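# Observations on chain architecture
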Amino acid sequence: MLSIDPSKRSSLERRICDGDLVIVYERYDKVKAVRVQNGSDFQNRFGVFKHSDWIGKPFGTKVLSNKGGFVHLLAPTPELWTLVLSHRTQILYLADISFVISYLEVVPGCVVLESGTGSGSLTTSLARAVAPSGHVYTFDFHEQRASLAREDFERNGMSSLIAVTVRDIQGEGFPDEFCGAADSVFLDLPQPWLALPSVRRMLKQDGVLCSFSPCIEQVQRSCEVLGADFTDIRTFEVLLRSYEVREERMTGTEGVQDSPVGSLPRKRRQCISHDVNNDSKEITTTTSTIIARPCRETRGHTGYLTFARLACS
């Protein structure tokens, strides 16, 4: 991913090469990850796009199909990767991810332990946050899921920052080699309280834990156990409400006033037509108005985020 290379931090400074991973953007809800291969093509409802036409163009370019349709070629950031990855498990989305990284105090150089890996949505964002000198060690008890996640990290260029291991953290705890070495720990487990004794040994002094749980009963049980060794225990529910902003045409009829003052002014962006009916003394106007309204499909509750800081001994 471009964002982990300081010399290529701006996508406008990078040109697409044969073998690069690009995000093909049709619209906000229609994106796809494509590996560029000279001689191949990409097809969608807008027509056929030749990969050879993409090579050499900067990321962010608008490219045309054989039918005149277009898509945009975007750099594969963690935010876009979250939208295109395969959902092997329920994933965390951007609202939760940004909150987790902020409250875990993840910065370049940090060592972060994560369980479980799942589809790797959070893992990819954690890797960017610790780059270039930090590392994310992620664990999943499901061998096939871990293998697929490893392949995804290779595919999106994050493998140098992420180590994937098959291990049942809930039952076995984290490996002893990480004792006192972790700046932050993230848990996404059905019974996270079982892993808390291991988390306490892994964290550095003043290290931070985050546990994601979909049910409040899991949060209550975890907080009971956290009280023994952790402080500053807080739980959040992050709710995201998206709005769509678009231009709409509105047609209305007004009566003509005999008063010299005329009708009261109304806020319009643009008057498209202005027709007068002399018989009825009515004015028909068509205006273009900017409408902002909540999206019909807005993701509500995903889960609860519980944060705690290791108490100084």
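All of the points below concern the structure found in this document. (Residues numbered from 1 in each chain as written. Predicted model: local features only at pLDDT ≥ 70, side-chain atom pairs only at ≥ 80, totals over all residues. Heavy atoms only, no water.)

In terms of helices and strands, the protein carries eight helices and 16 strands. Within the protein, the proportion of its 313 residues that are buried is 42%. For the protein, the proportion of contacts with a sequence separation of at least 24, taken over those separated by at least 6, is 64%. Surface accessibility of the protein: about 17,100 Å² in total, with carbon and sulfur atoms responsible for 48%. (Helix = DSSP H or I, 4+ residues; strand = E, 2+ residues; numbered from the N terminus. Buried < 20%, exposed > 50% of the residue type's maximum accessible area, 1.4 Å probe, protein only. Contact = heavy atoms within 4.5 Å. Areas by Shrake-Rupley, 256 points an atom, 1.4 Å probe, with all protein chains shown as cover.)

Turning our eyes to something else, we now look at helix 3 (residues 94-103). Those residues of helix 3 lying buried are D96, I97, V100 and I101. Considered in projection along helix 3, the buried side chains sweep an arc of 125 degrees and stay on one side of the axis. Where helix 3 is buried, its residues meet helix 2 (78-84), helix 4 (121-130), strand 10 (182-187), strand 11 (203-213) and strand 16 (304-310). After helix 3 finishes, the residue E105 shows a positive phi value of roughly 60 degrees. (Arc of directions from axis to C-beta.)

A few words on the environment of D232. Assignment of secondary structure puts D232 in strand 12 (residues 230-236). Counting along the chain gives 76 residues from D232 to A308, while the straight-line C-alpha distance between them is 5.5 Å. Beyond its immediate chain neighbours, meaning those up to four positions away, D232 contacts F307, A308 and R309. Looking at D232, its side chain comes within polar contact range of the side chain of R234, at 3.4 Å. (Polar contact = N/O pair within 3.5 Å; in protein donor to acceptor, adjacent residues only side chain to side chain.)

We now examine the sheet that holds strand 11. Strand order across the open sheet formed by seven strands is 9-8-7-10-11-16-12, with mixed pairing between neighbours. Looking at which strands have only one partner, the edges of the open sheet turn out to be strand 9 (162-166) and strand 12. With strand direction ignored, the average angle separating the axes of adjacent strands in the sheet is 15 degrees. Where strand 8 (residues 135-140) meets strand 9, five bridges bridge the pair, whose relative direction is parallel. Paired with Y137 across the bridge in strand 9 is A163. Against the sheet, helix 4 touches strand 7 (111-115), strand 8, strand 9 and strand 10, its axis set at about 160 degrees to strand 8. (Pairing = 2+ DSSP bridges. Axes fitted to C-alpha atoms, helices over the stretch in contact; angles between N-to-C directions.)

Attention shifts here to the pairing of strand 6 (residues 70-74). By the alternation rule, side chains of strand 6 split into V71 and L73, which are all buried, and F70, H72 and L74, of which none is buried. Two elements, strand 1 (residues 21-27) and strand 6, share three bridges in a ladder whose sense is antiparallel. Counterpart to I23 in the pairing with strand 6 is L74. Examined bridge by bridge, strand 5 (residues 62-64) and strand 6 share three bridges and lie antiparallel to one another.

Right, let's get into the sheet that holds strand 2 (residues 30-35). The four strands are arranged 2-1-6-5 in an open sheet whose pairing can be described as antiparallel. Each end of this open sheet is capped by a strand with a single partner; those strands are strand 2 and strand 5. Taken pair by pair, the neighbouring strands of this sheet meet at an average axis angle of 35 degrees, ignoring direction.

Between S115 and the following residue, G116, the backbone shows a cis peptide bond with an omega angle of -5 degrees. Within the secondary structure, G116 sits in the loop between strand 7 and helix 4. Of note, the amide linkage connecting A131 to P132 takes the cis form, showing an omega dihedral of 5 degrees. By the secondary structure assignment, P132 is in the loop between helix 4 and strand 8. The phi angle at E105 is positive, at roughly 60 degrees, despite the residue not being glycine. Following the sequence through the fold, E105 ends up in the loop between helix 3 and strand 7. Looking at E105, the relative accessible area reads 42%, which means it is partly exposed.

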